[in-house]
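Survey of secondary and tertiary structure
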Amino acid sequence: MDGVLDLLRETITSPWVYLILVGVTALDAFFPAVPSEAAVITAAVVSAGGGRPNIIAVVAAAAIGALIGDHISYAIGRGGGARRLARLPERSRRRAGSEWARRAVDRRGGVILTTARYIPGGRTAVTLTMGAVRYPRRSFLLFDAIAASTWAVYCGLLGYFGGLAFERDPIKGVIAGVGLAVAITLGIEAIRVLRHRVAARRAAARRPPAR
């Protein structure tokens, strides 16, 4: 275990760690199997213990990577998704669904994008959809910059304070940081599901009774 910790610490304190963080967070934006939160939190935990890597640089690298990855996902959706949506029959259910998604993104695109950044998998679905419905690039860049920056700060602070709390046992710091991130993610998802169910019940209550 000590050998593994030494290797991990040596890797994370290397100057290459910033480039690795950019790559990992970018890849996670359109390939959700990559655990970008865990990578950022781990680097921040080590930073709290010895000052290397630099916590500000860790946050910046994570934000830049997330921004790049989200734009790749947006481009994928804009390229392939837009053509598929255009070929849907005019009165089909899928066409109606895509038009609804377009209207929802137009009304609340910034809020949806910012919230989805905290949900692994959800961020990919949202950025692909925004590309497919051709959400304006400038607006996407603005809201995505906010989302990526706040997410990077959030992950960095979770790891940094976890590292301070468990300075003598960095593994516990990583576990605490990742565990808290998972708990927050599950909480956000639970709130989203609950709000959806409440909205569905209210809509059902407003429907006129069947004759």
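Refer to the structure presented above.
Residues numbered from 1 in each chain as written. Predicted model: local features only at pLDDT ≥ 70, side-chain atom pairs only at ≥ 80, totals over all residues. Heavy atoms only, no water.

Scanning the protein chain for helices and strands turns up eight helices and zero strands. For the protein chain, the proportion of its 211 residues judged to be buried stands at 38%. Restricting the contact set of the protein chain to residue pairs at least 6 apart, pairs at least 24 apart contribute 76%. Accessible surface for the protein chain amounts to roughly 12600 Å². Of this, 65% is attributable to carbon and sulfur atoms. (Helix = DSSP H or I, 4+ residues; strand = E, 2+ residues; numbered from the N terminus. Buried < 20%, exposed > 50% of the residue type's maximum accessible area, 1.4 Å probe, protein only. Contact = heavy atoms within 4.5 Å. Areas by Shrake-Rupley, 256 points an atom, 1.4 Å probe, with all protein chains shown as cover.)

Now for the packing of aromatic side chains. In total, this model carries three aromatic pairs according to the counting rule given. Their ring planes at 65° and their centres at 5.2 Å tell us that Tyr118 and Tyr154 sit as a pair that is edge-to-face. With Tyr118 in the loop between helix H5 (93-116) and helix H6 (122-132) and Tyr154 in helix H7 (residues 137-165), the pair connects residues that are 36 residues apart, well separated along the chain. The class for Tyr154 is buried, based on a relative accessible area of 17%. Sitting above the plane of the Trp151 ring, Arg117 keeps its charged end 4.8 Å from the centroid. (Phe/Tyr/Trp six-rings, centres within 6.5 Å; stacked < 30°, edge-to-face > 60°. Lys NZ or Arg CZ within 6 Å of the ring centre and 35° of its normal.)

Attention shifts here to the environment of Gly69. Turning to its location among the elements, Gly69 is positioned in helix H4 (residues 55-86). We classify Gly69 as buried; its relative accessible area is 0%. In this view, Gly69 contacts Ala26, Ala29 and Phe30; residues no more than four positions away in its chain are not counted.

A few words now on the nonpolar core. Among the nonpolar cores identified, the biggest contains 20 residues, and Leu21, Val40, Trp151, Ala152, Tyr154 and Cys155 are the most heavily contacted of them. Secondary structure elements with two or more residues in this core: helix H2 (17-30), helix H3 (36-50), H4 and H7. In terms of nonpolar packing, the next biggest core, distinct from the first, is built from nine residues, Val105, Leu113, Ala116 and Val133 among them. (Core = buried A, V, L, I, M, F, W, Y, C linked by side-chain atoms within 4.5 Å.)

Attention now moves to unusual backbone geometry. The backbone of Arg134 sits at a positive phi, close to 60°, despite the residue not being glycine. Take Arg134: it is sitting in the loop between H6 and H7. Arg134 gets classed as partly exposed once you look at its relative accessible area, which sits at 45%.

Here we take up the packing of H2 against H6. Their axes nearest at 7 Å, the elements H2 and H6 cross at an angle of 70°. Considering the angle they form, H2 stands roughly perpendicular to H6. Mapping the contact onto sequence places Asp28, Ala29 and Phe30 in H2 and Arg123, Thr124 and Thr127 in H6. Across the contact of H2 with H6, the residue classes tally to two nonpolar, two polar and two charged. (Axes fitted to C-alpha atoms, helices over the stretch in contact; angles between N-to-C directions. Parallel < 35°, antiparallel > 145°, perpendicular 65-115°, else oblique. Nonpolar A, V, L, I, M, F, W, Y, C, P; charged D, E, K, R; others polar.)

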